[in-house]
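# Coordinate inspection notes
Spelled out from the first residue to the last, the chains are:
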Amino acid sequence: MLTVSLALILECVILKGLSQYSPYRKYLPFILVATLILVMGLRYNVGVDYGAYADIYDNKNSVNRYALEPTWIWICDGMSYIGFKSRAFFFLTSMLIMTGYYMGMKKLSPEIYMSLIIFIGCGFYYESSNIIRQFCAQAVLFAATVPLLRGEWKKFAVCAVCAMMLHVSAIVGVILMLISRHNYSIWLMCGVFAVSVVSGGTVSRLIETNVLVLTASSYTSESFSAGVSSGLLKYVYNLIGIIFLALYPRLRRVNPRAVFFLNIVVIGICLYNIFYTFMVMRRMAMYCLPYMTILLPMTGKLFKRGSKVLYISTVVLVLMTFMFKQLANTQYKFDLNFF
């Protein structure tokens, strides 16, 4: 899978180069997105939850079905009735995820190829093979960022409802998006960020014992493995957060619309700090962190060309080292058995 991911990044670079000369430049991003859909849609046994989803599709008595939203039951049973095997489910979800993110990037990103490189290199692309339903909901909300920022509330409401039908946690994603629309004092942002760094564990325990209990949630920090090791990624995210906060005043003057992206990414880092050892809740940060695909190119505009390349490439390469570690022992396999 590591080799595949590097090949996809190379494809981004090549198509970026071709886009400067090709008369068909407007079609090149479609080629790239189609490749991303095929690679993830045809995967076999790639992703921690792959087996569980295959079982849900093939076995109507699977206990895992009780955790699904009704929408997915209808989709799986409908495709199964037509005659599709579980391969169709993974292809459909891959298509939904990549289409949603591409639609958002196309409208929001100043550099679409750089955004796709960040999406792959920072691990979001591979993570979409793990938390499939949540990433489908995230993709819908990511595409819905455009009507949100334009104040097109009916369109945003429709997208929000669709996202919630795909994964109930989209309720949290919608709230985070609405919160991020507002301008906040840089001191307030820095204060909240500092609290998450220094007292994140304490805040997590308070939420677990006083808030989640009220929701009758069966999830606790002990329900699943934390899924973390050295904790180095958290420090890297915090360093990136500090860089973004340092650029906040300047970015707000140059591009007022960028405030949303900075707010939501910083909120995502705060959530990561707070729920670092609470895997189920830590996943909520994934509603925010993929907006780095937009924010990094935006903040890059604040630098001269040489400094911009150094800044963005350094951040991406550092985060890619964690992707290397994650994918080093993950073998990519595929199948074409749709029926």
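In this text the structure is predicted, and so the values were computed from the model without any measurement.

## Structural notes on the overall build of the chain
Assigned secondary structure in the chain consists of 17 helices and 0 strands. For 339 residues, the compact-globule formula gives about 20 Å, and the C-alpha radius of gyration of the chain, at 20 Å, lands near that figure. Dimensions of the chain, computed from C-alpha atoms along their principal axes, come out at roughly 60 × 55 × 45 Å. Sorting the 339 residues of the chain into buried and exposed places 51% on the buried side. For the chain, long-range pairs separated by at least 24 residues make up 78% of all intrachain contacts whose partners lie at least 6 apart in sequence. Accessible area for the chain stands at about 16300 Å²; split by element, carbon and sulfur atoms hold 66% of it. Looking at charge distribution, the chain has the averaged site of its 29 positive side-chain charges lying 15 Å from that of its 12 negative ones.

## Considerations on unusual backbone geometry
Glycine aside, residues mostly have negative phi, and peptide bonds are mostly found in the trans state. Despite not being glycine, Asn45 shows a phi value in the positive range, around 60°. With respect to the helices and strands, the residue Asn45 is situated in the loop between helix H2 (28-41) and helix H3 (50-58).

## Focus: helix H1 (residues 2-19)
A rise of 1.5 Å per residue sets the reference length of H1, with its 18 residues, at 26 Å; its end C-alpha atoms lie 26 Å apart and thus fit the reference within 8%. Of all the positions in H1, only Ser5, Leu8, Ile9, Glu11, Cys12, Leu15 and Ser19 are classed as buried. For H1, the angular spread of the buried residues around the axis is 150°, confining them to a single face. Exposed and oriented more than 90 degrees from the buried face of H1 are Thr3 and Leu10.

## Some words on a positive patch on the surface
Positive charge collects at one region of the surface, where Lys106, Lys107, Arg150 and Arg257 lie side by side. Tracing the chain through its elements places Arg257 in the loop between helix H13 (232-254) and helix H14 (258-274).

## Description of the packing of H2 against helix H5 (residues 86-108)
Running from amino to carboxyl end, H2 crosses H5 at an angle of 150°, the nearest separation of the two axes being 8 Å. Judged by the angle between their axes, H2 and H5 are roughly antiparallel. You can see that H2 and H5 cross each other, and the crossing is right-handed. Side by side, H2 and H5 meet where Pro29, Phe30, Val33, Leu36, Ile37, Leu38, Met40 and Gly41 of the first sit next to Arg87, Phe90, Phe91, Ser94, Met95, Met98, Thr99, Tyr102 and Lys106 of the second.

## With respect to a nonpolar patch on the surface
Together, Met164, Val168, Ile171, Ile175 and Ile179 give the surface a local cluster of nonpolar side chains, amounting to about 390 Å² of exposed area. Here the nonpolar patch takes 3 residues from helix H11 (residues 170-180), the largest share from any one element. Inspection of the secondary structure assignment puts Ile179 in helix H11. Given the relative accessible area of 36%, Ile179 is considered partly exposed.

## Regarding H14
The end-to-end C-alpha separation of H14 is 25 Å, in line with the 24 Å expected for 17 residues at 1.5 Å each. A large share of H14 lies buried, amounting to 17 of its 17 residues.

## Concerning the confidence of the model for the chain
When pLDDT is averaged along the chain, the result is 86, and 93% of the positions lie at 70 or above. Every residue in residues 213-217 scores below 50 in pLDDT, and together they form 2 contacts with partners more than four places removed in sequence or on other chains.

## Here's the deal with the nonpolar core
Nonpolar side chains in soluble globular proteins tend to end up buried together. Phe89, Tyr125, Phe244 and Leu262 are the most contacted members of the largest nonpolar core, which totals 116 residues. A per-element tally of this core places H14 first, with 14 residues. The residues touching Phe89, leaving out its near neighbours within four places in the chain, are Tyr53, Tyr57, Trp72, Cys76, Met79 and Ile132.

## Observations regarding the pattern of salt bridges
Under the counting rule described, the total for this entry stands at 5 salt bridges. Where Glu111 meets Lys308, a salt bridge forms, and the shortest distance between an N and an O atom there is 2.3 Å. Of this pair, Glu111 sits in the loop between H5 and helix H6 (112-121) while Lys308 is found in helix H17 (residues 305-327), placing the two residues 197 residues apart along the sequence. Taking the shortest distance from any N to any O, the salt bridge between Glu152 and Lys155 comes out at 3.7 Å. Residue classification places Glu152 among the partly exposed positions, given a relative accessible area of 27%.

## Observations concerning empty space enclosed by the protein
Enumeration according to the criterion identifies 3 cavities of 30 Å³ or more in this entry. Size it by volume and the largest cavity reaches roughly 60 Å³. If you trace the largest cavity, you find it lined by Tyr101, Gln138, Leu141, Phe142, Met177, Met286, Tyr287, Pro290 and Tyr291. A class-by-class count of the residues in the lining of the largest cavity yields 8 nonpolar, 1 polar and no charged.

What counts and how
- Residues numbered from 1 in each chain as written.
- Predicted model: local features only at pLDDT ≥ 70, side-chain atom pairs only at ≥ 80, totals over all residues.
- Heavy atoms only, no water.
- Helix = DSSP H or I, 4+ residues; strand = E, 2+ residues; numbered from the N terminus.
- Rg over C-alpha atoms; globule rule 2.2 N^0.38 Å.
- Buried < 20%, exposed > 50% of the residue type's maximum accessible area, 1.4 Å probe, protein only.
- Contact = heavy atoms within 4.5 Å.
- Areas by Shrake-Rupley, 256 points an atom, 1.4 Å probe, with all protein chains shown as cover.
- Lys, Arg positive; Asp, Glu negative; His and termini not counted.
- Charge placed at Lys NZ, Arg CZ, Asp CG, Glu CD.
- Expected span 1.5 Å × (residues − 1).
- Arc of directions from axis to C-beta.
- Patch = residues over 30% accessible without salt bridge, like charges linked within 9 Å, V, L, I, M, F, W, Y side chains within 5 Å.
- Salt bridge = Lys/Arg side-chain N within 4 Å of Asp/Glu carboxyl O.
- Axes fitted to C-alpha atoms, helices over the stretch in contact; angles between N-to-C directions.
- Parallel < 35°, antiparallel > 145°, perpendicular 65-115°, else oblique.
- Left-handed = near helix turned anticlockwise from the far one by under 90°.
- pLDDT = per-residue confidence, 0-100.
- Core = buried A, V, L, I, M, F, W, Y, C linked by side-chain atoms within 4.5 Å.
- 1 Å grid on protein atoms, 1.4 Å probe; cavity = no way out; pocket = protein on both sides within 12 Å on 5 of 7 lines; lining within 4 Å.
- Points joined across faces, edges and corners; volume = space filled by probe spheres on them.
- Nonpolar A, V, L, I, M, F, W, Y, C, P; charged D, E, K, R; others polar.

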